[in-house]
Amino acid sequence: MIRLAEVYFKEAEWSFSRYKPTMEEYTKVAVLSSGCMMMSINSLAVIDDPISNQDFDWVLSEPPIIKSSLIITRLMDDLAGYGFEEKLSAVHYYYMPENGVSEEEASAELRKQEKNAWKVLNKEILHPREASTPILKCVVHFTRACHNGAIH
């Protein structure tokens, strides 16, 4: 909750000062401001196995599977809402002007980044390392649910 409040404050600060962050700055804040990190953590409450402090710390450390989930859900939201939502979007506000490309090229590149994040997420679930399988499955199912909700 603290991280979410901090990134909301950062976005408000940018808006108030009319500061236009770089794509990299935007991404660092936007992946957290989407609320998916908070929702991922909340979704761990439905796991039958108890979550240890070590498991919780692992999630908060933003390992590759969590980072991939955050990138997927953020880019998916930016791509799905681009053009009709009145909010900051990676497509128009950041990627296009920073790279001097068209809307179609920006959208294609961001879809490519989303696809690459799916590859990392799938690799992490197939070759679990540091977390228990129930936690990893929870993250993957949450990401899929968000993705399916956005495309339907």
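Residues numbered from 1 in each chain as written. Predicted model: local features only at pLDDT ≥ 70, side-chain atom pairs only at ≥ 80, totals over all residues. Heavy atoms only, no water.

*Asks:* I would appreciate a short explanation of the packing of aromatic side chains in the present structure.
*Replies:* Inspection of the entire model under this criterion finds one aromatic pair. With 6.2 Å between their ring centres and 50° between their planes, W14 and Y19 make a pair best called tilted. Exposure remark for W14: the relative accessible area of 8% places this residue in the buried category. By relative accessible area, Y19 is classed as partly exposed at 40%. (Phe/Tyr/Trp six-rings, centres within 6.5 Å; stacked < 30°, edge-to-face > 60°. Buried < 20%, exposed > 50% of the residue type's maximum accessible area, 1.4 Å probe, protein only.)

*Asks:* Is there a simple way to think about the nonpolar core in this case?
*Replies:* One broad trend across soluble globular proteins is that nonpolar side chains are buried collectively. W58, V59, I65, I66, L70 and I135 are the most contacted members of the largest nonpolar core, which has 29 residues in total. At the level of elements, α1 (2–17), α2 (23–33), α3 (36–43), α4 (53–60), α5 (64–81), α7 (103–126) and α8 (133–151) are the ones that each hand at least two residues to this core. The element best represented in this core is α8, accounting for seven residues. If sequence neighbours within four positions are ignored, V59 has contacts with M37, I41, L44, I66 and I135. (Core = buried A, V, L, I, M, F, W, Y, C linked by side-chain atoms within 4.5 Å. Helix = DSSP H or I, 4+ residues; strand = E, 2+ residues; numbered from the N terminus. Contact = heavy atoms within 4.5 Å.)

*Asks:* Explain the packing of α1 against α2 here, please?
*Replies:* How two helices pack is summed up by the angle between their axes together with the distance between the axes. Here α1 crosses α2 at 130°, and the two axes come no closer than 8 Å. In this view, α1 runs oblique relative to α2, as classed from their interaxial angle. Between α1 and α2 the crossing geometry is left-handed. Between α1 and α2, the residues in contact are L4, V7, Y8, K10, E11 and W14 and E25, Y26, V29, A30, L32 and S33, respectively. Here the contact of α1 with α2 is composed, by residue class, of eight nonpolar, one polar and three charged. (Axes fitted to C-alpha atoms, helices over the stretch in contact; angles between N-to-C directions. Parallel < 35°, antiparallel > 145°, perpendicular 65-115°, else oblique. Left-handed = near helix turned anticlockwise from the far one by under 90°. Nonpolar A, V, L, I, M, F, W, Y, C, P; charged D, E, K, R; others polar.)

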